[in-house]
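An overview of the molecular structure
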Amino acid sequence: MQQTFVQPEFRVKIDYDKCHKCGRCVQQCGWGVYDFNERPIPHDEKCRACHRCVTYCPAHCITIEKNTLAFRDNDNWSTDARKAVWKQAETGGVLLTSMGNPRPYERIFDKLVLDACQVTNPSIDPLREPMELRTYLGRKSDSVAVEPNGTGGFKLAGSTGLERNVKLDTPIIFAPMSYGSVSLNVHRSLAMAAERCGILMNTGEGGLHEDLYPYQDNVIVQVASGRFGVSPEYLQRGAAIEIKIGQGAKPGIGGHLPGEKIDREVSSTRMIPQGSDAISPAPHHDIYSIEDLRQLIYALKEASGYKTVGVKIAAVHNVAAIASGIVRAGADYIYLDGFKGGTGAAPQVIRDHIGIPIEIALAAVDQRLRDEGIRNQTSIIAAGSIRSSADAAKAIALGADVVAIGTATLLALGCHLCQSCHTGKCSWGITTQKPELTRRIDPEWGAERLTNLIHAWSHELQEILGALGVNAVESLRGSRERLRSVGLDEQTCRILGVKPAGL
Amino acid sequence: MGICDESGALMSGEEPILAMAVQRDRGNGLGGGFAGYGIYPEFPDHFCFHMMYHDLKAKEEAEAILDQHFLIEVAEPMPTRPVKGITDAPLLWRYFMTPHAHLLEEREVTAEDYVVSVVMLVNARVDGAFVASSGKNMGAFKGVGYPEEIGHYFRLEEYAGHTWVGHNRFPTNTPGWWGGAHPFTLLDWSIVHNGEISSYGINSRYLEQFGYTCSLGTDTEVAAYLFDLLLRRHKLPLELACKALAPALWTEIDRMDPEQAALMSSLRAVYGPGMLNGPFAIVLGFNGGMVALNDRIKLRPLVAARSGSKLMVASEESAIRTIMPEPDDVWMPKAGEPVIARVKGMDLPFHSQLHASPAEISCAVTAVETACEIEEVAV
Ligand code: SF4
Ligand code: SF4
Ligand code: SF4
């Protein structure tokens, strides 16, 4: 067999003087990096730099280093570009990868700064004053109609207008990640945390395992092009229903779950044969126009007793026009997924080169809906690499009602962004179905860490609101006046509706 | 500051001057003003325009527009007296007028819509002319100076009104100029405002959706348009409009009975972008009374008192004690709780099912869309 040209990316170094020869590293590594022959022997080429062994080595004697082989400098032909050609010349295949786009595109959030109040309008102390984050996800009426209540006051004339809304205690929810791509214990952790935080988790396209039924009031059930796990009962169980049209990491293509990950449980939840590949079609085969989408939205509403129905789309060039159509088609919320969003598996060329940043998409959609006077008729969820509460606050200021976080939740559960989820061997037990790996996540432990994360970010959002001198998140939502750009070009500023710092 | 005699009895303009004078150190001499209601009993049904002109040319141009739209009954210089500290006053004139009936008919608009469009037209078209007020049986008196100086300059003690609002300005965001002093008025409405609205960005974006253009860039303008949206266009009763602008906390709403909780949740969810957030105390004056409103966590002072049929609100109790030394009751209105004064026998210019139908209502900014068009032409 030919020798591969692709040299290992990492070097696994063990300080054998300190090593206990306990073999724990061998057992911890999901990718089988180690052999054991009186002492652990690493095979560098298999290492993904997931740091599982590093974290659990009792002697702290493992380090993972970059394999710093020198290549002749060439700005045009990066090392990665050369490696990609070698890999494809060897295999003839599409390069698969996972997690979010790692390429050095401009990070717009990092060039936006928030305002603070001084003197004429004071900042507010979130430790002493109420600081409200409660958010309703869904369609609102344009005005409130009232009538006398007979005792000198007023009451609503008709409905509350909030029937198709889901109450959230904080404007952060968990992004869709399907059971199958992640383990059941991850789903259990997410569901428990969602309940404790008063927010929502999202099934993704893999159906709802019966262990999650007790948490159904905190679950968005997704309907994707593969229709995995969709049944009338499934629709009834969700707090809201989401039609997945596109995903930020891989706009234009459907999900792909390899047969190895489809064990008995996944198979029964998805309602597909065990061991068969679960391949979602790229489009919904019953949606070839906006009218078709409208019909599906109303079919789902009929089937679920008029629950909140949202539509998830990937951020692409004409996202604003699409979003406007979706609102007019009756969606109660729009989930916008930017091109840096994560994925369990995607062709690298798609992940790295298709789609637009969430900041731009969000700003364009929010403005378009306002221009058309229909912003009140929908909520916007922004996702696609929300890395911190600061990103969340900036997204809200640009116009998001809610942000969704996926990668950040996996990081909380141990993920080290090794971009190897598609292998199904995640050492951290997250994106795998191997029982010896999935049991590494104790749902109770996972739920606690996720709850901590949501609470921490929520507290930080409250701090930010306080600095901004407002005490309710709705006063930040869409308030682009509270953002300034540092170093963004004029065109981008105009699209974002944000002034440069100093103005 | 606002004071209203709910019996309809008239107070001399000296009273609001005194109330403002004791609060002198709340301003810096760059803006003071008053609005009085019921002050022109001899012309109760005429629209009264208080005008500011920078020069005679502006006056000529503006008068041409007024003449074209109205039957001008009286045109006269505002009575003023020289006052130390007041310099650089523009030419100040007032007009009592009625709209040309045939034009009203032709355009199929209410008299209020018509007046608003003329106000916007004059402000936008004529360089150096500004409409200080445009309501019936009311007027605004404002300029650059301390309020007591402005009050004496305009000889306010010679007027008598059932409702007065007053303001002392300490401009921070916008420069002091005669037109920029408070109150901000349109038709019968006048707004004075102490504070700064931290939610300005989203409030103005929200209003844009409904065709309002916040061209002055001031918080007061935003507050006025929001009142207009809620009261006139969305037909909310006054109390609920105040609740939408300064809503209860969720923890309070959760403790309300289900009917009220549903109402308040709905108001918050729907009007969240209109919520005025940040420190403010606002007095909205109108023919028939006034309403005072504090922000939802009371970041600005607002004291209220009642003495007989008089209801008074002010930033400081000292102002109240100047006018009513021994009031029957003095209280700190709770955060977000409106204090409403209604003059007996006068209709409120707001409608809900309880009140008149939309067309009969006279309140502010009735033709914003037209206003926007005019501005584009001017640019
Ligand atoms: S886990 Fe650490 S101590 Fe144990 S065998 Fe591996 S390298 Fe040695
Ligand atoms: S893949 Fe992870 S567990 Fe395996 S050797 Fe590398 S860092 Fe350690
Ligand atoms: S989930 Fe697991 S496989 Fe995927 S990037 Fe994170 S650590 Fe790697």
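Below, the structure is looked at part by part. (Residues numbered from 1 in each chain as written. Chains lettered and ligands numbered in written order. Predicted model: local features only at pLDDT ≥ 70, side-chain atom pairs only at ≥ 80, totals over all residues. Heavy atoms only, no water.)

Next up on the list: the overall build of chain B. In terms of helices and strands, chain B carries twelve helices and 18 strands. Burial analysis of chain B (379 residues in total) assigns 63% to the buried set. Contacts in chain B between residues at least 24 apart in sequence constitute 73% of all its contacts with a sequence separation of at least 6. Summing over all exposed atoms, chain B offers an accessible surface of approximately 13,700 Å²; the carbon and sulfur share of this is 52%. (Helix = DSSP H or I, 4+ residues; strand = E, 2+ residues; numbered from the N terminus. Buried < 20%, exposed > 50% of the residue type's maximum accessible area, 1.4 Å probe, protein only. Contact = heavy atoms within 4.5 Å. Areas by Shrake-Rupley, 256 points an atom, 1.4 Å probe, with all protein chains shown as cover.)

Close to ligand 2 lie Cys29, Trp31, Val33, Tyr34, Cys47, Arg48, Ala49, Cys50, His51, Arg52, Cys53 and Ile64 of chain A. Of the residues contributing to the shell around ligand 2, the split by class is nine nonpolar, one polar and two charged. (Near = heavy atom within 4 Å. Nonpolar A, V, L, I, M, F, W, Y, C, P; charged D, E, K, R; others polar.)

Turning our eyes to something else, we now look at the interface of chain A and chain B. Every contact between the two is made by 45 residues of chain A and, on the other side, 42 residues of chain B. Taken over both partners, the interface formed by chain A and chain B buries close to 3,600 Å², and the fraction arising from carbon and sulfur atoms is 56%. A salt bridge links Arg205 of chain B to Asp366 of chain A, with the shortest nitrogen-to-oxygen separation between them at 2.8 Å. At the boundary of chain A with chain B, the tally comes to 19 residue pairs in polar contact (both at pLDDT 80 or more). Those elements that place two or more of their residues in the side of chain A that touches chain B are strand S8 (146-148), strand S9 (154-156) and helix H10 (358-371) of chain A. Class assignment of the residues belonging to the side of chain A that touches chain B gives a composition of 17 nonpolar, 14 polar and 14 charged. (Buried area = accessible area lost by both parts, 1.4 Å probe. Salt bridge = Lys/Arg side-chain N within 4 Å of Asp/Glu carboxyl O. Polar contact = N/O pair within 3.5 Å; in protein donor to acceptor, adjacent residues only side chain to side chain.)

Residue and element names in this part refer to chain B. Overall, antiparallel pairing links the five strands, which are arranged S11-S12-S13-S14-S18 in an open sheet. If you trace the sheet from one side to the other, it starts and ends with strand S11 (184-186) and strand S18 (339-342), each paired once. Put simply, the sheet's adjacent strands are angled 10 degrees from each other on average, direction ignored. Alignment of S11 against strand S12 (residues 189-195), held across three bridges, turns out to be antiparallel. Residue Phe184 lies in a different strand from S12, and its bridge partner there is Ile191. Running at roughly 130 degrees to S12, helix H7 (residues 219-233) makes contact with S11, S12 and strand S13 (280-286) of the sheet. Those strands touched by helix H8 (residues 238-245) are S13, strand S14 (289-294) and S18, and its axis lies near 25 degrees from that of S14. (Pairing = 2+ DSSP bridges. Axes fitted to C-alpha atoms, helices over the stretch in contact; angles between N-to-C directions.)

A few words now on helix H6 (residues 200-208) of chain B. In terms of burial, H6 of chain B is largely enclosed, as eight of its nine residues are buried. Residues of H6 of chain B that are buried: Tyr200, Gly201, Ile202, Asn203, Ser204, Arg205, Tyr206 and Leu207 of chain B. Packed against the buried residues of H6 of chain B are H10 and helix H11 (389-398) of chain A together with H7 and helix H10 (258-271) of chain B.

Before going further, it helps to spend a moment on H8 of chain B. What sets the pattern is the α-helix's 3.6 residues per turn: residues three or four places apart point alike. Counting buried residues in H8 of chain B gives seven out of eight residues, a clear majority hidden from the surface. Listed in full, the buried residues belonging to H8 of chain B are Leu238, Leu240, Ala241, Cys242, Lys243, Ala244 and Leu245 of chain B.

A contiguous patch of positive charge, built from Lys46, Arg48, Lys87, Lys425 and Lys434 of chain A, is present on the exposed surface. Residue classification places Arg48 of chain A among the partly exposed residues on the basis of a relative accessible area of 31%. (Patch = residues over 30% accessible without salt bridge, like charges linked within 9 Å, V, L, I, M, F, W, Y side chains within 5 Å. Lys, Arg positive; Asp, Glu negative; His and termini not counted. Charge placed at Lys NZ, Arg CZ, Asp CG, Glu CD.)

Moving on, we get to the sheet that holds strand S7 (residues 129-133) of chain B. Residues and elements named next belong to chain B. With antiparallel pairing, four strands are arranged side by side in an open sheet as S5-S6-S4-S7. Sheet topology places strand S5 (70-77) and S7 at the edges, where each strand pairs with a single neighbour. Sheet twist, expressed as the mean angle between neighbouring strand axes with direction ignored, is 30 degrees. Both strand S4 (residues 47-53) and strand S6 (residues 91-99) contribute to a ladder of seven bridges, which runs antiparallel. Paired with Phe49 across the strands is Tyr95, a residue of S6. Contacts from helix H2 (residues 56-69) reach S4, S5, S6 and S7 within the one sheet, and its direction differs from that of S6 by about 10 degrees.

As for its position among the elements, Pro435 of chain A is in helix H13 (residues 435-438). For the pair Pro435 of chain A and Ser183 of chain A, spaced 252 residues apart in the sequence, the C-alpha separation amounts to 9.2 Å.

So, about the environment of Pro147 of chain B. Residue and element names in this part refer to chain B. Following the sequence through the fold, Pro147 ends up in helix H5 (residues 147-153). C-alpha separation for the pair Pro147 and His167, spaced 20 residues apart in sequence, amounts to 6.9 Å. What Pro147 contacts, discounting residues up to four positions off in sequence, is Met20, Gly32, Phe34, His167 and Asn168.

Bringing the nonpolar core into the picture now. Judged by nonpolar contacts, the single largest core of 137 residues is most densely connected at Phe174 and Ile430 of chain A. The dominant element in this core, judged by the number of residues it contributes, is helix H14 (residues 443-468) of chain A, at nine residues. Those residues in contact with Phe174 of chain A, other than ones at most four positions away along the chain, are Leu190, Ala193, Ala194, Ile199, Leu200, Met201, Asn202, Ile405, Thr409, Leu450 and Ile454 of chain A. Core analysis: the second largest hydrophobic core is formed by 76 residues, Ala58, Leu229, Leu245 and Leu276 of chain B among them. (Core = buried A, V, L, I, M, F, W, Y, C linked by side-chain atoms within 4.5 Å.)

All names here are of chain A. Of the two faces of strand S21 (residues 402-405), the one holding Val402 and Ala404 and the one holding Val403 and Ile405 are both buried throughout. Examined bridge by bridge, strand S11 (residues 172-174) and S21 share three bridges and lie parallel to one another. Counterpart to Phe174 in the pairing with S21 is Ile405. With H11 bridging strand S20 (residues 379-383) and its parallel neighbour S21, the resulting β-α-β unit is right-handed. (Right-handed = clockwise from strand over helix to strand, strands pointing away.)

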